[in-house]
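Take a look at the letters that make up each chain.
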Amino acid sequence: MKNISVIGSGTMGNGIAHVFAQFGYSVSLVDISANALEKAIATIRKNMDRQVSKGLIDEAEKTASMERIKIFTSLEDGVKDADLVVEAATEKIDIKLDLFRKLDKYTPENCILSSNTSSISITKIGAVTERPDKVIGMHFMNPVPVMKLVEVIRGYATSDEVTNQIMELSKGLNKAPVEVNDYPGFVANRILMPMINEAIYTLYEGVAGIEEIDTVMKLGMAHPMGPLQLADFIGLDVCLSILKVLHDGFGNPKYAPCPLLVNMVEAGYKGAKTGEGFYKYTPGSKELVVSERFK
Ligand SMILES: NC(=O)c1ccc[n+]([C@@H]2O[C@H](COP(=O)([O-])OP(=O)(O)OC[C@H]3O[C@@H](n4cnc5c(N)ncnc54)[C@H](O)[C@@H]3O)[C@@H](O)[C@H]2O)c1
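If you're wondering where the values come from, they're calculated on a predicted model, not measured in any experiment.

A word on the sheet that holds strand E2 (residues 26-30)
Think of a sheet as strands paired side by side through backbone hydrogen bonds, with each pair either parallel or antiparallel.
Then comes step 1: Across the sheet, 8 strands lie side by side as E3-E2-E1-E4-E5-E6-E7-E8; this open sheet has mixed pairing. Both outer strands of the open sheet, strand E3 (69-72) and strand E8 (176-181), are each paired with one neighbouring strand and no more. Taken over all neighbouring pairs, the strand axes of this sheet differ in orientation by 25 degrees on average, direction set aside.
Then comes step 2: Both E2 and E3 contribute to a ladder of 4 bridges, which runs parallel. Within E3, the position partnered with Val-30 by the bridge is Phe-72.

As structure tokens, this is what we get:
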């Protein structure tokens, strides 16, 4: 494989493009928003500068990697020579199904189509294409250049050959791929989201405050970040939508989202990206300050 097309240039897409370019692949980065593409290139350059200053790559490698990335607002142009597509567009089922129908039409017939979705069924995505055996999940973690894990998700119809190719390719990116089957939440979010939800219930029921809950999990369980801070970092809207996928997918009330989470999302307090969730975020400050609403 030589040519990789990354669809969506947001938080995840720019990180995925960064890693493939760093490891020598030609990358076509596609987004419907020209502005998002410009921002992505600036972010990749800044993150590569950081790698240079840490001695992880040198200036020549940075320049060569940046030159391997081309940007496109036309999906058709951006995927026409692709050996592999990694779709990292907005987490909405309609957007993904529409994209995969088009990808099936515009890409060469041997191209593997992967999705970085956190929660949407790979089987369902594969079923809208004529090549469900070549549709697979590549669930990278944020921030992509730093995090080692790739959760490789086999849809119901994904072939062994394609799974093995994606496992090997991920190892070649210096990642640690783990193969899992396609059930709601896969493995990562099936375990993480109920923990976050339970932490929110613990707060909601007044068992303890925000700092106390996060401290118990940090110092008692050696988690690098408490579950409430992590929820803010992931985005409370994202946590809510994944919990809904688990709840709908398994039909089990244990996955029902905490009403406090629902309220916070409806009120627009979605965590770090909106400036406030369980904590309050001030641009430029790294201090962790509990939101006034919980004092
Ligand atoms: N943010 C995370 O921590 C994280 C972690 C793992 C997986 N994911 C998954 O990665 C995917 C992307 O998430 P994100 O956080 O990078 O989102 P984001 O909102 O930062 O970026 C999404 C990008 O997709 C673009 N887009 C929307 N529709 C498009 C289309 N039809 N064609 C091309 N581009 C389109 C948007 O313009 C935007 O730039 C989602 O499926 C999400 O579930 C996110």
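Focus on the domain arrangement of the chain
Then comes step 1: In terms of domain boundaries, the chain breaks down into domain 1 (3-181) and domain 2 (189-290).
Then comes step 2: Contacts between the two partners involve 4 residues from domain 1 and, on the opposite side, 4 residues from domain 2.
Then comes step 3: Carbon and sulfur atoms supply 54% of the area that domain 1 and domain 2 bury against each other, a total of about 360 Å² over both sides.
Then comes step 4: The largest contributions to the domain 1 side of the interface with domain 2 come from Ser-118, Ser-119 and Asn-142, which together make up 77% of the buried area.
Then comes step 5: For the pair domain 1 and domain 2, the interface holds 0 salt bridges.

Concerning the UniProt feature "domain: 3-hydroxyacyl-CoA dehydrogenase NAD binding" (unreviewed entry) in the chain
Then comes step 1: Sites flagged by UniProt as "domain: 3-hydroxyacyl-CoA dehydrogenase NAD binding" (unreviewed entry) map to residues 4-182.
Then comes step 2: From the first C-alpha to the last, residues 4-182 spans 23 Å; its make-up is 44% helix and 22% strand.

Remarks on the layout of surface pockets
In this approach the atoms are scanned with a rolling probe the size of a water molecule, which exposes any empty space left behind.
Then comes step 1: Reported here for the second largest pocket is a volume of approximately 300 Å³.
Then comes step 2: The wall of the second largest pocket is formed by 15 residues, among which Ile-93, Ser-119, Ile-120, Ser-121 and Val-245 lie closest to the centre.
Then comes step 3: Considered class by class, the residues forming the lining of the second largest pocket number 6 nonpolar, 5 polar and 4 charged.
Then comes step 4: Split by domain, the residues of the lining of the second largest pocket number at least three in each of domain 1 (3-181) and domain 2 (189-290).

Rules and cut-offs
Residues numbered from 1 in each chain as written. Predicted model: local features only at pLDDT ≥ 70, side-chain atom pairs only at ≥ 80, totals over all residues. Heavy atoms only, no water. Pairing = 2+ DSSP bridges. Helix = DSSP H or I, 4+ residues; strand = E, 2+ residues; numbered from the N terminus. Axes fitted to C-alpha atoms, helices over the stretch in contact; angles between N-to-C directions. Domains from an automatic or database assignment. Contact = heavy atoms within 4.5 Å. Buried area = accessible area lost by both parts, 1.4 Å probe. Salt bridge = Lys/Arg side-chain N within 4 Å of Asp/Glu carboxyl O. UniProt positions renumbered as here; feature names shortened; annotations may be inferred. 1 Å grid on protein atoms, 1.4 Å probe; cavity = no way out; pocket = protein on both sides within 12 Å on 5 of 7 lines; lining within 4 Å. Points joined across faces, edges and corners; volume = space filled by probe spheres on them. Nonpolar A, V, L, I, M, F, W, Y, C, P; charged D, E, K, R; others polar.

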